[in-house]
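# Observations on the three-dimensional arrangement
Residue-level listing of the chains:
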Amino acid sequence: MKKLLSGNEAVARGAWEAGVNVVSAYPGTPSTEILENLAKCKEIYAELATNEKVGLEVAAGASFAGARALTCMKHVGLNVAADPLFSMAYRTTAITPRWLRSPAWSLPTPRNVWS
């Protein structure tokens, strides 16, 4: 059965299908709906973080403990999360950054796209 999803709903669905069981995020356009959609899944621990740094640290800690974790933040939030991100490079941690662009940045494309 086909279902029409927004970009954020598709990211949340992909995370759920990939087995993510911990998500910690700080809300901000364009990533807010990812956390909102994952919070609806009973098997996923979803947490609204105090800021982007805390969101990344919670996801990193869960990952170090063996969970499949995800964090979401807006692009400027990466500045706040930079310290733990750089520190994670010292560990053997798989970090896969995906940047979700706002439609306004990619005009005339009227939809969210991955870079």
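### A closer look at the nonpolar core
- Val-11, Ala-12, Ala-15, Val-20, Val-23, Ala-25, Ile-34, Leu-35, Leu-38, Cys-41, Ile-44 and Cys-72 together form the largest nonpolar core, which totals 12 residues.
- Contributing elements (two or more residues each) for this core: helix H1 (7-17), strand S1 (22-25) and helix H2 (32-38).
- Sequence-distant contacts of Ile-44, defined by excluding residues within four places in its chain, comprise Trp-16, Val-20, Asn-21, Val-22, Val-23 and Leu-38.
- Ala-60, Met-73, Ala-81 and Met-88 belong to the second-largest nonpolar core, a separate cluster that totals five residues.

### With respect to the pattern of salt bridges
- In total, this model carries two salt bridges according to the counting rule given.
- For Arg-13, the salt bridge goes to Glu-17, with nearest N and O atoms at 2.7 Å. Of this pair, Arg-13 and Glu-17 both sit in helix H1, four residues apart, which is roughly one turn of the helix.
- Overall, Arg-13 belongs to the partly exposed group, its relative accessible area being 41%.
- We classify Glu-17 as exposed; its relative accessible area is 53%.
- Of the charged contacts in the structure, one is a salt bridge between Glu-57 and Lys-53, with a shortest N-O distance of 2.8 Å. Placement of both Glu-57 and Lys-53 in helix H3 (residues 52-64) is noted, with a separation of four residues, approximately one turn of the helix.
- Overall, Lys-53 belongs to the partly exposed group, its relative accessible area being 30%.

### Brief notes about the side chain of Asn-37
- Mapped onto the fold, Asn-37 is located in helix H2.
- For Asn-37, a relative accessible area of 18% translates into the label buried.
- Only 2.7 Å separates the side chain of Asn-37 from the backbone oxygen of Glu-33, close enough to count as a polar contact.
- Once you skip the residues sitting within four places of it in the chain, Asn-37 turns out to touch Glu-9 and Ala-12.

### A closer look at the confidence of the model for the protein chain
- Model confidence for the protein chain is summarised by a mean pLDDT of 80, while 79% of its residues fall at 70 or above.
- Element-level pLDDT for the protein chain is lowest in helix H5 (residues 82-88), with a mean of 84, against a maximum mean of 94 in strand S2 (residues 45-48).
- Note that pLDDT drops below 50 for residues 105-115; the model gives that stretch 21 contacts with residues more than four away or on any other chain.

Criteria and cut-off values
Residues numbered from 1 in each chain as written. Predicted model: local features only at pLDDT ≥ 70, side-chain atom pairs only at ≥ 80, totals over all residues. Heavy atoms only, no water. Core = buried A, V, L, I, M, F, W, Y, C linked by side-chain atoms within 4.5 Å. Buried < 20%, exposed > 50% of the residue type's maximum accessible area, 1.4 Å probe, protein only. Helix = DSSP H or I, 4+ residues; strand = E, 2+ residues; numbered from the N terminus. Contact = heavy atoms within 4.5 Å. Salt bridge = Lys/Arg side-chain N within 4 Å of Asp/Glu carboxyl O. Polar contact = N/O pair within 3.5 Å; in protein donor to acceptor, adjacent residues only side chain to side chain. pLDDT = per-residue confidence, 0-100.

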